Each structure stands twice: as structure tokens, then as C-alpha cells.
Amino acid sequence: MIENAQQFGEAVASARKALGLTQRELALVINSGERFIVDLEAGKATAQLGKALAAAKAVGLRLSASVAAPR
């Protein structure tokens, strides 16, 4: 389960590398700058959600959400 921006970034980086894409190539696929991909994969929490979701989709990550039980 991904619980923070760092883990999300690591998942995107891993999937990107598995596809043999560079950060620049992924940025071009989602019409973004390479700096965004660098920041996203580094776990920068201020990354734009829309672009982050586009990057995840571009590398084949399937995301889902569920409601956690109250603690």
C-alpha cells in the first residue's frame, strides 16, 4: 500500500525503469517537464496530482482508493 509521496514516487520510478523509459521520455509522454518527473520520483509532496496520476497511468500503474477504518 502506498502511504506517502515518497512511496508513490518510488513506484512510478520503478515502473518507468521497467519500461525502459528515461525521465525525459516519460515527461514527453505526459506533456510535462523533466523537472516534474524528477521531483515526483523524489517524493516531493507538492507535485501536482493531475500530472502525478498521468505519470502513473503512462507507466502502467493501476491506482485504487478505499476508505480506511477509523483508528
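Draft legend 1. Summary view of the overall build of the protein chain. Assigned secondary structure in the protein chain consists of four helices and zero strands. Across the protein chain, helices and strands are ordered from the amino to the carboxyl terminus as α-α-α-α. For 71 residues, the compact-globule estimate of 2.2 N^0.38 gives 11 Å, and the C-alpha radius of gyration of the protein chain, at 12 Å, lies within 12% of that figure. Buried residues in the protein chain amount to 28% of all 71 residues. Surface exposure of the protein chain reaches about 5,100 Å², of which carbon and sulfur atoms provide 53%.

Draft legend 2. Highlighting the environment of Gln 23. With respect to the helices and strands, Gln 23 occurs in helix H2 (residues 23-29). On the accessibility criterion, Gln 23 (22% relative accessible area) is partly exposed. Ignoring any residue separated from it by four or fewer positions in sequence, one finds Gln 23 in contact with Arg 16, Glu 34, Ile 37, Val 38 and Glu 41. A distance of 2.7 Å separates the side chain of Gln 23 from the side chain of Glu 41, its partner in a polar contact.

Draft legend 3. Here's a closer look at helix H1 (residues 5-18). For H1, built from 14 residues, the straight-helix expectation of 20 Å at 1.5 Å per residue is met to within 8% by its first-to-last C-alpha distance of 20 Å. Inspection of H1 places Phe 8, Gly 9, Val 12, Ala 13, Ala 15 and Arg 16 among the buried residues, and these make up the whole buried set. Down the axis, H1 shows its buried residues gathered within 170° of arc, on one side only. Facing away from the buried surface of H1 by more than 90 degrees, the exposed residues are Lys 17 and Ala 18. The inward-facing, buried residues of H1 contact H2, helix H3 (34-41) and helix H4 (49-58). Looking one or two places after H1, you find Gly 20, whose phi comes out positive at around 75°.

Draft legend 4. A look at a nonpolar patch on the surface. Where nonpolar side chains cluster on the molecular surface, the patch consists of Leu 49, Leu 53 and Leu 63 and spans about 300 Å² of accessible area. As for its position among the elements, Leu 53 is in helix H4.

Definitions and limits used
- Residues numbered from 1 in each chain as written.
- Predicted model: local features only at pLDDT ≥ 70, side-chain atom pairs only at ≥ 80, totals over all residues.
- Heavy atoms only, no water.
- Helix = DSSP H or I, 4+ residues; strand = E, 2+ residues; numbered from the N terminus.
- Rg over C-alpha atoms; globule rule 2.2 N^0.38 Å.
- Buried < 20%, exposed > 50% of the residue type's maximum accessible area, 1.4 Å probe, protein only.
- Areas by Shrake-Rupley, 256 points an atom, 1.4 Å probe, with all protein chains shown as cover.
- Contact = heavy atoms within 4.5 Å.
- Polar contact = N/O pair within 3.5 Å; in protein donor to acceptor, adjacent residues only side chain to side chain.
- Expected span 1.5 Å × (residues − 1).
- Arc of directions from axis to C-beta.
- Patch = residues over 30% accessible without salt bridge, like charges linked within 9 Å, V, L, I, M, F, W, Y side chains within 5 Å.
- Salt bridge = Lys/Arg side-chain N within 4 Å of Asp/Glu carboxyl O.

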